[in-house]
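Chains, contacts and geometry: an overview
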Amino acid sequence: MTLGAAALAARPLASHLDPSTGSGHRLGRDSSAPNVFVFVFDAWCADHLSIHGYPRDTMPNLARFAERAFVYHNHIASGSFTVPGTASLLTGLHPWAHRAVQLTAGGVTRAHKDHNAFAAFSQNYNTMGYTQNPYADIFLYQFEKYLHTYIPESAFNLESRMLSSLPIFNNDAQMAFASIENNILRNGKGTSGSLYLGMGARLDGLSKYAKTRRAYIGEYPAGVPIASGVFLLDELVNGLGAAIREIKAPTFSYFHVYPPHEPYAPRSEFARLFEDGWTFPEKPVHPLSLTLYPREEALANRQRYDQYLAAWDAEFGRLLEEMKSSGQLETSIIVLTSDHGELFERGEIGHNSFLLSSPIVHVPLFISLPGQMERKDFYEFTSAVDVMPTLTNLVGLEAPAWADGRLLPGLGGEEDPNRSVFSLDAKTASSFAAFKQYSISITRQRHRLIRYQYSNYEGFEFYNLDDDPEELKNLFPSNPSLAADMKGELDQTVADFNRPYEKKN
Amino acid sequence: MSTILEFFKKSLPEKKEVTLALAGLAFLVFGWELRSLFYNFPAFALSYSVGEIFAIAAYMMSAALLETAIVMSFALFMAVILPRKLFAEGFSYKAFFLFVGLAAISIHLQFVMNNQPKIAFLTRELVIGLAIWILLSLLTHFVPLVKKIILDILDRLTIFSYIYIPLGALSLLVVTFRLLW
């Protein structure tokens, strides 16, 4: 599959038409400036990488890339699922500021709709956005006036199930997407607005998936990868490679791909890997666990996830070779990270969870600079909100005043053990009001405090991450002074972000 | 041609029965669509303008109108092809029970099924739905009080179709304009 110019410009965007917003790229850009590539691998947990101490060698090509990159060993996502995680990555804002916290959120709050990476880059760079995840695509729609090139989320899929991408909706694509895919005929979790056709469409989709799965059973014995539509790992990378080949410097590109998000679908040559008998430390089922999966199932899914990581790594290796041969690898800023991690413990599998245990927020971050030949490791905690301001700083743009993040260590910033890093899950909270039910964590001084605030469960967990990286021993009941101090900071943070909404009530 | 028309005229349920069934169907379809709209409203309000929220509402109401028309056509088709006594007679409550049953199955499936369709599971749902439909239809047919209550409910739901159907038509017009211009 090749990606032609037509696919790259499949949907004309406002920026092409409005000279006041995005046409700076026609005014003459510094073509010697480096391209910036941000690759987001969805649901990619740092705990599963040998470079961070995992016993299975899941991603050897990544390890090769890391030898010429800045490696952030303790990088924390701001949310535990795509909507808040992606919003924080793209805006440099904490979830309580951008307020994209619900599973079906319509995007970031209007106050921040112009505060995003594409806006920051668009005056001096061409901007390109692609995501396979429809929930992340919401943000590309919302920020479209700063996007010079948008690649539809189904561009590299075997099929498109998106009605809103039909030509009839060309004049009103964003509203059609928000209405049809996000409400009327939902394909993922949650109910469709359409009482009968919604179910019919879902059954039709599942039936088609079953057929495709049978067709590719030899190549993908555990099932074919599927996001909003079925795709093949090699076709996805071929598509990305074609898109990258067409990029003209300087371009800021955001590529958010679905692997290793579930369903975990390794190719056949990886589907027997890691049958090593290795088991993960047993952890008690959490009171907030939604699914109460037995340990055996968690172990089996963990192994499948690791196999999928290995399969994706092989394709990623091909992409690296492609970028190397086109010269992009040596001359560009390349960022690899994720919107959130993945859980296989405490009764949970995946990331549809209220928990904020380490694996769901501990995500990889690798940044490679043009001409970089050696690896640099950083072990202090960093946040997803740091990525965007760091990138603007790297290319000499003014740091966005709105961003909550700071410059990453080694790239303009310093390692700071006293820095507080936050993650928040408030998927059941009202966007209008103060957050009453949420999970929030604060990490600093090598310790982590998690607060769970729900009507059916309230509790604090406090872990020493040096002595207890698996978060097995909750130190909060023994009331250490650092826990009290961090609880004070957490309480103050919650009070601060809730205050404007409590005044309104 | 006249024979076909004559056949349809004979086979179709009475107008009054169709109106009552339509009222029940519109109530279910538009009600569920509105529930979805209001459920997502807080998120929309954060990131969309008032005009855009109205546009989304227009899309949803248009979809509800089209869905009502499609499902109603399906029910009328069933009435035509099935023996008259089985479906066309007492069409209002029999069709309404069918709509409620299918809606219950649809909602249940959307909550529990997020993987591959399991034929046995779907069959079980349909068999249970069919059994309940037969039971309710027989109950309504043979117990006058139940029949009166059901028909009274459908009669009162008619008022909603006077709101929903024009709302759907207006929304369809809005969406058509948005797509064309």
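Residues numbered from 1 in each chain as written. Chains lettered and ligands numbered in written order. Predicted model: local features only at pLDDT ≥ 70, side-chain atom pairs only at ≥ 80, totals over all residues. Heavy atoms only, no water.

Considerations on the overall build of chain B
For chain B, the helix and strand inventory stands at six helices and zero strands. Overall, chain B shows an N-to-C arrangement of helices and strands of α-α-α-α-α-α. By its C-alpha atoms, chain B is 55 × 45 × 35 Å across when sized along the principal axes. Counting all 181 residues of chain B, 44% fall into the buried class. Contacts in chain B between residues far apart in sequence, at least 24 positions, make up 77% of those at least 6 positions apart. Carbon and sulfur atoms make up 77% of the accessible area of chain B, which amounts to about 10200 Å² in all. Of note, chain B has its 14 positive side-chain charges centred 4 Å away from the centre of its 10 negative side-chain charges. (Helix = DSSP H or I, 4+ residues; strand = E, 2+ residues; numbered from the N terminus. Buried < 20%, exposed > 50% of the residue type's maximum accessible area, 1.4 Å probe, protein only. Contact = heavy atoms within 4.5 Å. Areas by Shrake-Rupley, 256 points an atom, 1.4 Å probe, with all protein chains shown as cover. Lys, Arg positive; Asp, Glu negative; His and termini not counted. Charge placed at Lys NZ, Arg CZ, Asp CG, Glu CD.)

Observations concerning the overall build of chain A
From N to C terminus, chain A includes 15 helices and 15 strands. Over its C-alpha trace chain A gives a radius of gyration of 22 Å, about what one expects of a compact globule, namely 23 Å for 505 residues. Expressed as lengths along the three principal axes of its C-alpha atoms, the size of chain A is roughly 60 × 55 × 50 Å. Long-range contacts, defined here as pairs at least 24 residues apart, represent 72% of the contacts in chain A between residues at least 6 apart. In the form shown here, chain A has an accessible surface area of approximately 17700 Å², with 52% of it arising from carbon and sulfur atoms. Each charge sign in chain A was given a centre, from 44 positive and 57 negative side chains, and these centres are 4 Å apart. (Rg over C-alpha atoms; globule rule 2.2 N^0.38 Å.)

Comments concerning the layout of surface pockets
All names here are of chain A. Counted as a void, the second largest pocket has a volume near 560 Å³. What lines the second largest pocket is a set of 27 residues, among which Asp 47, His 52, Ser 358, His 362 and Pro 469 lie closest to the centre. At the level of secondary structure, the elements contributing two or more residues to the lining of the second largest pocket comprise β2 (70–76), α13 (358–361) and β11 (376–383). Of the residues assigned to the lining of the second largest pocket, the class counts are 12 nonpolar, seven polar and eight charged. In terms of domain composition, the lining of the second largest pocket takes at least three residues from each of domain 1 (5–185 + 218–357 + 395–409) and domain 2 (428–505). (1 Å grid on protein atoms, 1.4 Å probe; cavity = no way out; pocket = protein on both sides within 12 Å on 5 of 7 lines; lining within 4 Å. Points joined across faces, edges and corners; volume = space filled by probe spheres on them. Nonpolar A, V, L, I, M, F, W, Y, C, P; charged D, E, K, R; others polar. Domains from an automatic or database assignment.)

Some words on unusual backbone geometry
All names here are of chain A. Following Ala 249, the chain continues into Pro 250 via a peptide bond in cis, with omega recorded as -5 degrees. Examined against the element boundaries, Pro 250 turns out to sit in the loop between α10 (233–245) and β5 (251–257). Between Glu 262 and the following residue, Pro 263, the backbone shows a cis peptide bond with an omega angle of 5 degrees. Tracing the chain through its elements places Pro 263 in the loop between β5 and α11 (295–325). The backbone of Arg 446 shows a phi angle near 65 degrees, a positive value even though the residue is not glycine. Tracing the sequence through the fold places Arg 446 in the loop between β13 (438–444) and β14 (447–453). Within the chain, Asn 479 stands out as a residue other than glycine whose phi angle is a positive 55 degrees.

With respect to the domain arrangement of chain A
All names here are of chain A. According to the domain assignment, chain A consists of domain 1 (5–185 + 218–357 + 395–409) and domain 2 (428–505). A straight line from the C-alpha centre of domain 1 to that of domain 2 covers 27 Å. In this complex, domain 1 contributes 17 residues to the contact, which on the side of domain 2 involves 25 residues. When domain 1 packs against domain 2, the two sides together hide about 1800 Å² of surface, and 57% of this comes from carbon and sulfur. (Buried area = accessible area lost by both parts, 1.4 Å probe.)

Notes on the nonpolar core
If you look at the biggest cluster of nonpolar residues, it comprises 57 residues, and the most contacted ones within it are Phe39(A), Trp44(A), Phe65(A), Phe255(A), Leu336(A) and Phe366(A). Every element with two or more residues in this core is listed here: β1 (36–41), α3 (60–66), β3 (126–131), α10, β5, α11 and β6 (333–337) of chain A. Among the elements that make up this core, the one with the highest residue count is α11(A) (11 residues). Membership of the second largest hydrophobic core comes to 53 residues, among which are Leu37(B), Met61(B), Trp133(B) and Tyr164(B). (Core = buried A, V, L, I, M, F, W, Y, C linked by side-chain atoms within 4.5 Å.)

Considering a nonpolar patch on the surface
All names here are of chain B. On the surface, Ile 128, Leu 130, Ile 132, Ile 134, Leu 136, Leu 138, Leu 139, Phe 142, Val 143, Leu 145, Ile 149 and Ile 153 cluster together into a nonpolar patch covering about 1100 Å² of accessible area. For the nonpolar patch, the elements supplying multiple residues, two or more each, are α5 (119–142) and α6 (144–180). Of the residues forming the nonpolar patch, the biggest block, eight residues, is contributed by α5. Within the element layout of this structure, Val 143 appears in the loop between α5 and α6. Residue class for Val 143 comes out partly exposed when judged on its relative accessible area of 32%. (Patch = residues over 30% accessible without salt bridge, like charges linked within 9 Å, V, L, I, M, F, W, Y side chains within 5 Å. Salt bridge = Lys/Arg side-chain N within 4 Å of Asp/Glu carboxyl O.)

Considerations on the environment of Gly53(A)
Position of Gly53(A) relative to the elements: it lies in the loop between β1 and α3. Distance from Gly53(A) to Thr82(A), taken between C-alpha atoms, is 25 Å for residues 29 residues apart in sequence.

A look at the pattern of salt bridges
Residue and element names in this part refer to chain A. Using the criterion set out here, one finds 35 salt bridges over all chains in the structure. A salt bridge links Arg 444 to Glu 489; the nearest nitrogen and oxygen atoms lie 3.0 Å apart. Within this pair, whereas Arg 444 is found in strand β13, its partner Glu 489 is found in helix α15 (residues 481–504), the two being separated by 45 residues in sequence. Arg 448 is the salt-bridge partner of Glu 471, the closest N and O atoms lying 2.9 Å from each other. Taken as a pair, Glu 471 in the loop between β15 (458–464) and α15 and Arg 448 in strand β14 lie far apart in primary sequence, 23 residues in all. Of the residues examined, Glu 471 reaches a relative accessible area of 2% and is grouped as buried. Here Arg 448 falls in the buried class, since its relative accessible area comes to 2%. Among the ionic contacts, a cluster of salt bridges with common partners joins Glu 219, Asp 234, Arg 267 and Glu 269.

Observations regarding the interface of chain A and chain B
Tallying the contact residues gives 40 residues for chain A and 44 residues for chain B. Taken over both partners, the interface formed by chain A and chain B buries close to 3700 Å², and the fraction arising from carbon and sulfur atoms is 62%. Among the residues chain A hides against chain B, the three largest losses belong to Thr191(A), Leu195(A) and Tyr196(A). Together they make up 20% of the total. Where chain A touches chain B, the interface holds one salt bridge. Between Asp172(A) and Arg178(B) there is a salt bridge, with its nearest N and O atoms 2.7 Å apart. When residues of the side of chain A that touches chain B are traced back to their parent elements, those giving at least two are α8 (173–184) and α9 (197–215) of chain A.

What to know about the sheet that holds β13(A)
Residue and element names in this part refer to chain A. One open sheet holds the four strands; their spatial order is β12-β13-β14-β15, and the pairing between them is antiparallel. Edge positions in the open sheet fall to β12 (421–425) and β15, since each of these has one partner strand only. Across the sheet, the axes of successive neighbouring strands diverge by a mean angle of 10 degrees, strand direction being ignored. Pairing analysis gives seven bridges linking β13 to β14, with the strands arranged antiparallel. Opposite Ile 442, over in β14, you have Leu 449 as the bridge partner. (Pairing = 2+ DSSP bridges. Axes fitted to C-alpha atoms, helices over the stretch in contact; angles between N-to-C directions.)

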